[in-house]
Amino acid sequence: MNEILDFAPPLVLAALGGVLSERAGVVNIGLEGMMRFGAFAAAAGAIYSGSAWFGLLCGALAGAASAAVHALLSLRFRADQVVSGVALNLVALGLVTYLLQSVFGSAGVSPPSPSLPRDRFGHTAMAYAALIVPLIFYFWLSRTAAGLRVRAVGEHPRAAATLGVRVLPLRAWCVLGSGVLAGLGGATLSVGILGQFDSRMPAGQGFMALAAVVFGKWTPLGAAGAAFFFAAADALQRQLSFSLHAADLRLEGVFLALPYVLTLLVLALGIGRTRAPAADGVPYEPEGR
Amino acid sequence: MRNRLFTAARDPLWSAVAAVLAALLVSFVAIALSGRDPLAGFGNLASGALAGPGPLGETAIKSAVLILTGLSVAVAFTVGLFNIGAEGQLIWGGLAAAVVGRFDNPLALPLSLAAAAIAGGAWGFIPGALKVRRGVHEVISTILLNWVAIHLVHGWLVAGPLSAATGSASISVAGTEPIAHAAWLPRLIPGSRLDLGFPLALAIAAAVWFLLTRTRRGFEWRAVGAGAEAAHASGIPSGRRVCEAMALSGALAGLAGAFLILGTEHKYPGVFRTGYGFDGIAVALVGGGTAAGTAIAGLFFGAVRAGATRLQLSGIHPSFAELIQGIAVLLVAAPRIFLPLWKRLRRSAAEPAAAAPPIPTVQP
């Protein structure tokens, strides 16, 4: 249980980022890259300022900055949203390794950074954030006027526009928010869990978050629940692999593959009506331009 | 008939060239900003890619793999699908080649290649079938399938049942047993690692070009890519065509995996994170989704990758190649960035002609 609360927050936050962006109609394959920028910036910020909280802020800002590139390309320049996200991941892979080496002189890991404080139960603030933020996000998306507008531009942007919603700026804000959440998720990996940046981060967690978005049917609580479930599967795998090692079965990979197989099955068998927001990935061209 | 991905580019060729040049410029500035000598860095990049048979051989083997994964993505583009799963297909192809290549016989090489193509093709067929039968978006399913492949192969098969190591827990990096010598891709030139893979890749690129542009099947694939419903209405079985193209796409990526195993690794290594599958997306996009463009882009990025290993002489990590590649894709993705530039170029090209006639009339 403790282990789940420790490892779930990056996944939960990134998955919420995915929900925010996709509910507003912008596919976000770039979660992985945004997490990577966030993780690196958080470690760097924490090391240079001496404060893990400042690092967290840097992580959120770096996530937002990389999301701004995605928003600019896909909304302003009408690039294909999938291509733009893929490109962002490629850039994150190369640029962060390059920065890691230029700043810290090592292509493997950063020096140890200050870590977020832990309470007497051994949890960081991010563990509580992972429990609370999904609820706030759920109420915001389903019960407030702003949330309604976000859902409207994701389902039927033209109709939203006729009601006076400015579609592209709203979508841009959602993509930026998505970057903040993914960046915070990445920051949790470096200054929250490991206490340094590792060049392999986030090691596919961004893609797993994407799977959680789909598994959770594009809803905040569903995606967060899926993220917790995946983290639990991961924790279980860690525990089991100890006992399975003895038998030399080495089934870790099977357990690690499980969340992805389950998500595929849910999609393929259409368990419980899985539907993406109607205008997800569809570029919006304002009229009269 | 052009795909949704390339509709934004009025002139894909010049957009790609401009994007690559801009990416090089950005990386030039990045090197300068980090306090190193960019000219020396690019000199090392060029010499690592082109100076002599050794570097040229490195460029060739990397290009061969990039051309194949690029073609994989490009073939899926023709039926309008975005195959992000080349990485997973490559992994299964590599594993199949490593397994079949262990049996020593005169036909070991062709058999290993065929096994890789079948394994990759099967993994590519799944998202095609899921798309056609169940309406599962291929971007999501291929991403998921990548991770299924990565974890099953690296976390289980190569570490456990197929591992060469027995007993001790620390040998999970060992990988599988080495393949038979008969299954190696033969080296062509002494003093260079250039192997049969490179000419094979070029031949495959030519075959894909022929298939896509000169055969009925290729025409039908492109028709499905341009509009599945219209194609279906005119009698093309669009669902089956999508599955076929995805299977070919997977087979090409599987062959790329085989080239890596049979050409340079000679076994399936315990740690095998190539990223070539994702690079294929970049190659296909910069190549404009055509076979010829993909081959040229593959050659270029192969050279950048090979040259990047010598960037270390300038104190720059080889991952710099990925940065150049990523920026190029960002810019190719959004050709509208260059629209103002095109407009200005066109205007300046048109100006002399437009400006010339009025001048005589000014004379009284």
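This one's a predicted model, so the numbers in the text were calculated from it and none came from an experiment.

Undergrad: Any details on the overall build of chain A? Residues and values, ideally.
TA: Counting its secondary structure elements, chain A contains 11 helices and 0 strands. Reading chain A from its N terminus to its C terminus gives the helix and strand order α-α-α-α-α-α-α-α-α-α-α. Each of the 289 residues in chain A was classed as buried or not, and the buried ones make up 57%. The contacts of chain A with a sequence gap of at least 6 include a subset with a gap of at least 24, amounting to 77%.

Undergrad: Could you give an account of the overall build of chain B, with specific residues and numbers?
TA: Assigned secondary structure in chain B consists of 15 helices and 0 strands. Taking all contacts inside chain B whose residues are at least 6 apart in sequence as the whole, residues at least 24 apart take part in 76%. Of the roughly 15000 Å² of accessible surface on chain B, 68% is carried by carbon and sulfur atoms.

Undergrad: For the pattern of salt bridges, give the residues involved together with the corresponding values.
TA: It is possible for side chains bearing opposite charge to pair when their charged atoms get close. All names here are of chain B. This structure, assessed with the given rule, holds 10 salt bridges over all chains. In this structure, Asp279 and Arg305 form a salt bridge, with 2.4 Å as the shortest nitrogen-oxygen distance. Here Asp279, found in helix H11 (residues 276-286), pairs with Arg305, found in helix H12 (residues 291-308); they are 26 residues apart in sequence, far enough to count as distant. A relative accessible area of 3% means that Asp279 is categorised as buried. A relative accessible area of 15% places Arg305 in the buried class.

Undergrad: Please set out the nonpolar core residue by residue, giving values where relevant.
TA: General note: in soluble globular proteins, nonpolar side chains tend to be found buried as a group. Core analysis: the biggest nonpolar cluster contains 197 residues, and Ile29 of chain A together with Leu262, Tyr268 and Val286 of chain B have the highest contact counts within it. Ignoring sequence-local partners within four residues, the contact set of Tyr268 of chain B consists of Ile91, Gly94, Leu95, Ala98, Val153, His154, Val158, Gly175, Thr176 and Ile261 of chain B.

Undergrad: An account of a nonpolar patch on the surface is requested, with residue identities and associated values reported.
TA: All names here are of chain A. Together, Phe121, Tyr128, Leu131, Ile132 and Ile136 make up an exposed nonpolar region whose accessible area comes to about 480 Å². Looking at where Ile136 falls in the secondary structure, it is placed in helix H5 (residues 125-143). Here Ile136 falls in the exposed class, since its relative accessible area comes to 54%.

Undergrad: Mind laying out the interface of chain A and chain B, listing which residues take part and the relevant values?
TA: Contact residues are listed per partner, giving 47 residues for chain A and 50 residues for chain B. Taken together, both faces of the contact between chain A and chain B bury some 4000 Å²; the carbon and sulfur share is 75%. Here chain A and chain B share 0 salt bridges between them. On inspection of chain A and its partner chain B, the count reaches 2 residue pairs in polar contact (both at pLDDT 80 or more). Taken together, the elements giving at least two residues each to the side of chain A that touches chain B come down to helix H3 (52-76), helix H4 (81-104), helix H9 (205-215) and helix H11 (252-269) of chain A. Considering each element in turn, the side of chain A that touches chain B owes the most residues, 15 residues, to H4 of chain A.

Undergrad: If you had to explain the packing of aromatic side chains to someone new, which residues and values would you point to?
TA: Evaluation of the coordinates by the stated rule reveals 16 aromatic pairs over all chains. Centre to centre, the rings of Phe229 of chain A and Phe230 of chain A are 6.0 Å apart; their planes meet at 50 degrees, and the pair counts as tilted. One aromatic cluster is present, built from ring pairs that chain together Phe40, Tyr48, Phe104 and Phe197 of chain A. The ring of Phe77 of chain A is capped by Arg76 of chain A, whose NZ or CZ atom sits 5.1 Å from the centre of that ring. In this arrangement the basic side chain of Arg305 of chain B is found over the ring face of Tyr276 of chain B, its NZ or CZ atom lying 4.4 Å from the centre.

Undergrad: Explain the packing of helix H2 (residues 38-50) of chain B against H12 of chain B residue by residue, including any values.
TA: For any two helices packed against each other, one specifies the inter-axial angle together with the distance between the axes. Residues and elements named next belong to chain B. One can describe the packing of H2 onto H12 by two numbers: an axis separation of 7 Å at closest approach and a directional angle of 110 degrees. Taken together, the axes of H2 and H12 are roughly perpendicular relative to one another. Every residue of H12 that contacts H2 at Asn44, Leu45, Gly48 and Ala49 is listed here: Ala303, Val304, Ala306, Gly307 and Ala308.

Undergrad: If you had to explain helix H2 (residues 31-49) of chain A to someone new, which residues and values would you point to?
TA: Residue and element names in this part refer to chain A. In a regular helix each residue adds 1.5 Å, so 19 residues correspond to 27 Å; H2 covers 26 Å between its end C-alpha atoms and thus fits that length. Most of H2 sits inside the fold, with 16 of its 19 residues counted as buried. Just past H2, the residue Gly50 takes up positive phi, approximately 85 degrees.

Undergrad: Go over the side chain of Gln89 of chain B with me, naming the residues and quoting the values.
TA: All names here are of chain B. Looking at where Gln89 falls in the secondary structure, it is placed in helix H4 (residues 86-100). Side-chain polar atoms of Gln89 contact the side chain of Asn83, separated by 3.1 Å. Setting aside its immediate chain neighbours within four residues, Gln89 contacts Ser72, Asn83, Gly120, Trp123, Gly124, Ser249, Gly250, Ala253 and Gly254.

Undergrad: Please set out the environment of Gln81 of chain A residue by residue, giving values where relevant.
TA: Residue and element names in this part refer to chain A. Topologically, Gln81 is positioned in helix H4. Residues Gln81 and Val26, spaced 55 residues apart in sequence, show a C-alpha to C-alpha distance of 6.8 Å. In this structure, Gln81 is in contact with Gly25, Val26, Val27, His70, Ser74, Gly281, Val282 and Pro283, ignoring residues within four places of it in sequence. Of the polar contacts made by the side chain of Gln81, one reaches the backbone nitrogen of Val27; its length is 2.9 Å.

Undergrad: Kindly report on the environment of Ile204 of chain B, identifying the contributing residues and their values.
TA: Residues and elements named next belong to chain B. Within the secondary structure, Ile204 sits in helix H7 (residues 197-214). A sequence separation of 137 residues divides Ile204 from Ile67, and the C-alpha atoms of the two residues are 9.2 Å apart. Excluding its chain neighbours within four sequence positions, the residues that come into contact with Ile204 are Leu68, Leu71, Leu252 and Leu255.

The rules behind the values
- Residues numbered from 1 in each chain as written.
- Chains lettered and ligands numbered in written order.
- Predicted model: local features only at pLDDT ≥ 70, side-chain atom pairs only at ≥ 80, totals over all residues.
- Heavy atoms only, no water.
- Helix = DSSP H or I, 4+ residues; strand = E, 2+ residues; numbered from the N terminus.
- Buried < 20%, exposed > 50% of the residue type's maximum accessible area, 1.4 Å probe, protein only.
- Contact = heavy atoms within 4.5 Å.
- Areas by Shrake-Rupley, 256 points an atom, 1.4 Å probe, with all protein chains shown as cover.
- Salt bridge = Lys/Arg side-chain N within 4 Å of Asp/Glu carboxyl O.
- Core = buried A, V, L, I, M, F, W, Y, C linked by side-chain atoms within 4.5 Å.
- Patch = residues over 30% accessible without salt bridge, like charges linked within 9 Å, V, L, I, M, F, W, Y side chains within 5 Å.
- Buried area = accessible area lost by both parts, 1.4 Å probe.
- Polar contact = N/O pair within 3.5 Å; in protein donor to acceptor, adjacent residues only side chain to side chain.
- Phe/Tyr/Trp six-rings, centres within 6.5 Å; stacked < 30°, edge-to-face > 60°.
- Lys NZ or Arg CZ within 6 Å of the ring centre and 35° of its normal.
- Axes fitted to C-alpha atoms, helices over the stretch in contact; angles between N-to-C directions.
- Parallel < 35°, antiparallel > 145°, perpendicular 65-115°, else oblique.
- Expected span 1.5 Å × (residues − 1).

Everything listed here is a matter of coordinates, which is why it stays silent on function.
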